[in-house]
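Fold and contact review
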Amino acid sequence: MLRPLAAAVSRNPRAVLLAALLFVVLSAVLGSGAADRLRAGQGTENPSAPSALAADVLEEHFPAGSPNFVLLAHAPDGVNDRKAARTGLRLADRLAHEGAVSGVVSYWQSGSDALKSTDGRYALIAAHIDGDEAAVGRAAKRLAETYRGPHDGLTVRAGGTGEILNTVETTIAEDLVRSELLALPITLLVLVLVFRSAVSALLPLAVGIVAITGTNMVLWVIAGYTDVSVFAQSLTTALGLGLAIDYALLMLRRFRDELAAGRPVPEAVRIMLGTAGRTVIFSALTVSVALAALLLFPLFFLRSFAYAGMSVVLIAAAAALVVLPALLSVLGHRVDALDPVRPLRRLLGRDRAGTAQGGSRAWSRLTRTVTGRGAPVFAAGSLALLVLLGLPFLRAEFGMADDRQLPAGAEPRTVQEIIRERFDGSETAVVDVLVTGVRAGESGEAVAAYATKVSALGDVAEVRTPAGVFADGRRTEPRTPVDALRESGEVAWIQVVPVRGVETVSPRSQQLVRDIREIRTAPGVQARPAGQAAALVDTQDSITGRLGWALALVVVTTLLLVFLLTGSVLIPFQAVALNALSLTAMFGAVVWVFQDGRLSGLLGFTPTGFVDTTVPVLMFCLAFGLSMDYGVFLLARMKEERDRGAGDRAAVERGLRRTGGIVTAAALILAVVLVAIGWSRITNTMVLGTGVALAVVMDATLVRCLLVPSVMALGGRATWWAPAGLRRLHARFGLSEAGAGADTEAGPDRSGQDDRSGPDDPADPADRTRGEQGGTRTWAEV
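Conventions we followed
- Sequence positions are assigned chain by chain, starting from 1 and proceeding in written order.
- For this predicted model, a pLDDT threshold of at least 70 governs which residues receive local features, and a threshold of 80 or more governs which side-chain atom pairs are given and counted, while totals over whole chains, interfaces and linings are taken from all residues.
- The side-chain figures draw on all heavy atoms in the structure; neither hydrogens nor water molecules are used.
- Secondary structure elements follow DSSP: runs of H or I of four or more residues count as helices, runs of E of two or more count as strands, with numbering from the N terminus.
- Residues are treated as being in contact if the distance between any of their heavy atoms lies within 4.5 Å.
- All accessibility values rest on the Shrake-Rupley procedure with a 1.4 Å probe; residue burial counts only the protein chains present in the view.
- What goes into a patch is any residue over 30% in relative accessible area without a salt bridge, connected to like charges within 9 Å or, for nonpolar side chains (Val, Leu, Ile, Met, Phe, Trp, Tyr), within 5 Å.
- A pair is scored as a salt bridge if a Lys or Arg side-chain nitrogen falls within 4 Å of a carboxyl oxygen belonging to Asp or Glu.
- Partly exposed residues are those whose accessible area sits between 20% and 50% of the maximum for their type, while under 20% is buried and over 50% is exposed, using a 1.4 Å probe and protein chains only.
- We score Asp and Glu as negative and Lys and Arg as positive, and we do not count His or the chain ends.
- Charge coordinates come from a single atom per side chain, which is NZ of Lys, CZ of Arg, CG of Asp or CD of Glu.
- Only centres within 6.5 Å qualify two rings of Phe, Tyr or Trp (six-membered ring in Trp) as a pair; their planes then separate them into stacked at under 30 degrees, edge-to-face at over 60, and tilted for everything else.
- Here, a charge over a ring is recorded when the distance from Lys NZ or Arg CZ to the ring centre is within 6 Å and its angle to the ring normal is within 35 degrees.
- The set of buried Ala, Val, Leu, Ile, Met, Phe, Trp, Tyr and Cys residues whose side-chain atoms join them within 4.5 Å is what this entry labels a nonpolar core.
- Cavity: a set of points on a 1 Å grid over the protein atoms alone where a 1.4 Å probe fits but cannot get out. Pocket: an open set with protein on both sides within 12 Å along at least five of seven lines, its lining residues, like those of a cavity, having an atom within 4 Å of a point.
- Grid points are joined across faces, edges and corners, and a volume is the space filled by probe spheres set on the points.
- Three classes are used, and their members are as follows: Ala, Val, Leu, Ile, Met, Phe, Trp, Tyr, Cys and Pro are nonpolar, Asp, Glu, Lys and Arg are charged, and the others, Gly among them, are polar.
- Interaxial angle, 0 to 180 degrees, is taken between N-to-C directions of lines fitted to C-alpha atoms, where a helix line uses only the stretch in contact.
- Under this scheme an angle from 65 to 115 degrees is roughly perpendicular, one under 35 degrees roughly parallel, and one over 145 degrees roughly antiparallel; angles in between are oblique.
- Whether a crossing is left-handed or right-handed is set by the direction in which the near helix is turned from the far one by less than a right angle, anticlockwise for left-handed and clockwise for right-handed.
- The rule for pairing is simple: two strands pair if DSSP sees at least two bridges between them.
- Confidence of the predictor at the level of single residues is captured by pLDDT, which takes values from 0 to 100.
- For this analysis, a polar contact is any N or O atom pair within 3.5 Å, provided that within protein one partner can donate a hydrogen and the other can accept it, and provided that sequence-adjacent residues contribute only side-chain to side-chain pairs.
- Fitting one axis to the seven residues ending at a residue and another to the seven starting there, the bend at that residue is the angle between the two axes.

1. Quick look at the overall build of the protein chain
Regarding its fold elements, the protein chain presents 28 helices and 12 strands. Across the protein chain, every contact between residues at least 6 apart in sequence was considered, and the portion connecting residues at least 24 apart equals 82%. Accessible surface computed for the protein chain: about 30,000 Å², of which carbon and sulfur atoms make up 60%.

The following block contains the structure:
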């Protein structure tokens, strides 16, 4: 399948590189505008949920009811001071006449104690800005610059959802630049140490540049048609660099091995694509499938990561299969040029061959130990450790990210902190309730009766009906669910203000929404809560309802792909189970560190006592895909060795020995990139980056080096078993790499389970050839 590609690239490598350069330039030009199209909003609400439909009706008929812009006024002499009150009334009136503002309520206008702090030194001016999220953000930024600061007896700070989103967007953009400046030099240094060649070290970065710029262009296009979260850009950088390096490491290692075996450059390119190239294709498919599961959820936050993740994976794979072979065709043997650590190695009296051979022997000793008599101990011990690390996740609490994901000292966060600590009821934690179906002439009594029941609930400080009840026109043919709500009769709006201490998206606010929904209304009357707490409850229901389908998609597709890769019935189930176990440490750490607040001082975040509802789903899909990426690397080489005659246990040993260094180096580099992304001032980005980095490290060390080989050794020949019908199916459609240069490897050797050929075993002429020529293995094997 890949031979025509290898031939085309070898014949016209410079034309391929020119086309790639034009693609990068075009992508850079178009992709530079992607950030302007991305949304800073959370995107964690289901647009078809009851809370969202109720919010649409309230937005249309009561636009001033849900404040999204807040001015917090501080008066040293108290907000009731005559001078402060006069200034507050003037600011509220001025704000009400702003073109983007549809309604304003302030303490000095309403006299509501909920708008005044308990010490009497702070008061709120709450406003509603019309328009979509982008329009709200632009207006909030302009209004904040206009009103913040001293005003004749008052000092004003700006907050609200509009300003929170603006700060999130600005902070993410700054953190992304900082993470790239941190990750790139560290990555380059590690690559130089791995390859011992500055030329080879630059090649993965070239693939990464193609992947990142290409994905930014794709996001620019997609954002023109649908909502895409600004958070997705962080994933673009992390996966673009990480996967480009993974794929380049695998292919470069194979290319250099074939050159060392005496193959001419075109033949080395062909064999590289026929072996490592096929592995890259399977790897990209497994990662893409895991990320595609995010498309099943109705939240544009999760969908955004699917758009970015699938794009960067497929573009990185395409660049590795097309651009990298073209570069190697031009460079040829110069791929090993410019070794910056050669003087140090000479000073220490160590040469390439000695180091490489030592690394190979180290992996051989490890694999023989793990797959030998101690296999049950390694398997049981690894499983026990992973389960133990994952236990904290059993007490996970779920919520929605709020202002506390912003860095300490950010003005919108400071405003919310003062509201939480000094106000009896929080205006920003209000639960709006849309009441529909009340009959004309009875609306006032019905709403009053319902409001009385709501006010009797615990955690309720006040129930308001600020806009009363109004009649809406009827339509004969409703076109949308919102139209259906409008046609159900008269519509009323009430506000439920929680008591002090009930945070906007806390478990208590969620329970309050559930309690409101359980209150029985008059026949034909329906009450639909809206607001952030109600949206969170509906989001959790949406995720729970579709989680099974997403897991089924990931599991079934992964089983199929791994079967096509290995031809085994047991290995696909084993791969899925062990990959899932490799994620337990990540989920346990999320609860132990971020929910419970341990290491909060070191990492610089504020614990909230819960985990963002959408983050575990995103982390699972991303980390599972990356784990399968390394699993495919390992299984593909084991299958290749078995196809070329190695015994069942010898195939496991040789596969790990020849990919262990690659997987370890790739995981180290990807972890560096993810930690750099996780070194963010936005808590959700920090959770995602550090959590997935931990999962990658655990998978590449504990799982790939200990758990997988020990379990496969325990399975023995049964590990590779498949019934006759499936064997025929695999023979027709599956992966077989034996024809892509089999003559460079060992001959048939299926003599038994105890084949333990080492790096210098005469039964493995590829190793012998490499040892004779020297300098052909890399530091990645150490």
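2. Notes on a nonpolar patch on the surface
Taken together, the side chains of Leu 385, Val 387, Leu 388, Leu 389, Leu 391 and Leu 394 present a nonpolar region at the surface, about 560 Å² in accessible area. For Leu 389, the position within the fold is in helix α15 (residues 375–390). Residue class for Leu 389 comes out partly exposed when judged on its relative accessible area of 33%.

3. A short note on a positive patch on the surface
On the surface, Arg 82, Arg 86, Arg 90 and Arg 94 cluster together into a positively charged patch. Checked against the element boundaries, Arg 82 lands in helix α5 (residues 82–96). For Arg 82, a relative accessible area of 69% gives the class exposed.

4. Remarks on the packing of aromatic side chains
The relative placement of two aromatic rings is captured by the distance of their centres and the angle of their planes. Enumeration over the complete set of coordinates arrives at 7 aromatic pairs. Consider the rings of Tyr 107 and Trp 108, whose centres lie 6.1 Å apart with planes at 70°: the pair is edge-to-face. The class for Tyr 107 is buried, based on a relative accessible area of 10%. A relative accessible area of 13% means that Trp 108 is categorised as buried. With a centroid separation of 6.2 Å and an interplanar angle of 75°, the aromatic rings of Tyr 630 and Phe 633 are classed as edge-to-face. Taken together, the positions of Tyr 630 and Phe 633, both in helix α24 (residues 615–643) and 3 residues apart, correspond to about one turn of that helix. On the basis of relative accessible area, Tyr 630 is assigned to the buried category, the value being 0%. In textbook terms, an aromatic cluster arises when at least three aromatic residues are bridged by ring pairs, as seen for Phe 393, Phe 398 and Phe 587. Sitting above the plane of the Tyr 147 ring, Arg 94 keeps its charged end 4.7 Å from the centroid. When the ring centre of Trp 679 is taken as reference, the NZ or CZ atom of Arg 178 above it lies at 4.2 Å.

5. What about the pattern of salt bridges?
Counting across every chain of the model gives 22 salt bridges. Of the charged contacts in the structure, one is a salt bridge between Arg 142 and Glu 98, with a shortest N-O distance of 3.4 Å. Remark: Glu 98 occurs in the loop between α5 and β2 (101–106) and Arg 142 occurs in helix α7 (residues 133–147); sequence separation between them is 44 residues. Residue classification places Arg 142 among the partly exposed residues on the basis of a relative accessible area of 39%. Between Glu 163 and Arg 148 there is a salt bridge, and its shortest N-O distance comes to 3.4 Å.

6. Considerations on the nonpolar core
Core analysis: the biggest nonpolar cluster contains 152 residues, and Tyr 247 and Val 692 have the highest contact counts within it. In this structure, Ala 92, Leu 95, Val 136 and Leu 154 belong to the second largest nonpolar core, which totals 35 residues.

7. A short note on the layout of surface pockets
By rolling a water-sized probe across the atoms, one finds the places where empty space is left. Approximately 520 Å³ is the volume attributed to the second largest pocket. Taken together, 23 residues line the second largest pocket, and the ones lying closest to its centre are Phe 393, Phe 398, Leu 547, Pro 616 and Val 617. The set of elements that each furnish at least two residues to the lining of the second largest pocket consists of α19 (507–518), α20 (532–566), α21 (570–582), α22 (584–595) and α24. Tallied by class, residues from the lining of the second largest pocket come to 16 nonpolar, 5 polar and 2 charged.

8. Remarks on empty space enclosed by the protein
One pass over the structure, following the stated rule, counts 11 cavities of 30 Å³ or more. Volume-wise, the largest cavity comes out at about 180 Å³. In terms of lining, the largest cavity is formed by 18 residues, of which the most central are Thr 608, Phe 610, Asp 612, Thr 683 and Asn 684. For the lining of the largest cavity, the elements supplying multiple residues, two or more each, are α22, β12 (611–612) and α26 (683–715). Take the lining of the largest cavity: its biggest share by element is 3 residues, from α26. Residues that form the lining of the largest cavity fall into these classes: 10 nonpolar, 5 polar and 3 charged. Here the second largest cavity is characterised by a volume of approximately 100 Å³.

9. Quick word on the side chain of Asp 699
Structurally, Asp 699 is set in helix α26. In this structure, Asp 699 is in contact with Asn 579, Ser 582, Ser 627, Tyr 630 and Arg 704, ignoring residues within four places of it in sequence.

10. Brief notes about the packing of helix α8 (residues 161–195) against helix α25 (residues 648–678)
Interaxial distance between α8 and α25 falls to 8 Å at its minimum, and their mutual angle equals 165°. In terms of orientation, α8 and α25 fall into the roughly antiparallel class. When you trace α8 past α25, the crossing you get is right-handed. Taken together, the residues of α25 that come into contact with α8 (itself represented by Leu 176, Ser 179, Leu 182, Ala 183, Ile 186, Thr 187, Val 190, Leu 191 and Val 194) are Ala 665, Leu 668, Ile 669, Val 672, Val 673, Ala 676 and Ile 677. Each residue belonging to the contact of α8 with α25 can be placed in one class, and the counts come to 14 nonpolar, 2 polar and no charged.

11. As for unusual backbone geometry
Its identity is not glycine, yet Asp 152 carries a phi of approximately 45°, on the positive side. As for its position among the elements, Asp 152 is in the loop between β4 (149–151) and β5 (154–159).

12. Observations concerning the sheet that holds strand β3 (residues 122–129)
Strand order in the open sheet formed by 5 strands is β2-β3-β1-β5-β4, with antiparallel pairing between adjacent strands. On the outer flanks of this sheet lie β2 and β4, each paired with one strand and no other. Taking each pair of neighbouring strands and ignoring which way they run, the sheet shows an average axis angle of 25°.

13. Let's talk about the confidence of the model for the protein chain
Per-residue confidence for the protein chain averages 78 on the pLDDT scale, and 85% of its residues sit at or above 70. Counting interchain partners and residues more than four positions distant, the pLDDT-below-50 stretch residues 351–359 has 20 contacts. Here residues 466–489 is a poorly scored stretch, pLDDT under 50, and it has 44 contacts once near neighbours within four places are set aside; other chains count.

14. Examining the environment of Asp 403
Examined against the element boundaries, Asp 403 turns out to sit in the loop between β6 (398–399) and α16 (411–422). Overall, the relative accessible area of 3% leaves Asp 403 in the buried class. For Asp 403 and Gly 159, which are 244 residues apart along the polypeptide, the C-alpha to C-alpha distance reads 9.6 Å. Among the polar contacts listed, one links the side chain of Asp 403 to the side chain of Arg 420, at a separation of 2.9 Å.

15. Section: helix α11 (residues 265–292)
If you look at α11, its biggest bend is around 35°, right at Leu 273. Taking burial as the measure, the 28 residues of α11 include 22 buried ones, the bulk of the element.

16. Section: the pairing of β3
With 8 of its 8 residues buried, β3 lies for the most part within the structure. Residue alternation in β3 divides its side chains into two sets, Tyr 122, Leu 124, Ala 126 and His 128 and Ala 123, Ile 125, Ala 127 and Ile 129, and both sets are buried. Where strand β1 (residues 69–74) lies against β3, 6 bridges are found, and the strand directions are antiparallel. Following the sheet pairing, Leu 71 is matched in β3 by Ile 125. Bridge count between β2 and β3: 5 bridges; the pairing is antiparallel. Considered in β3, the bridge of Gly 103 is made with His 128.

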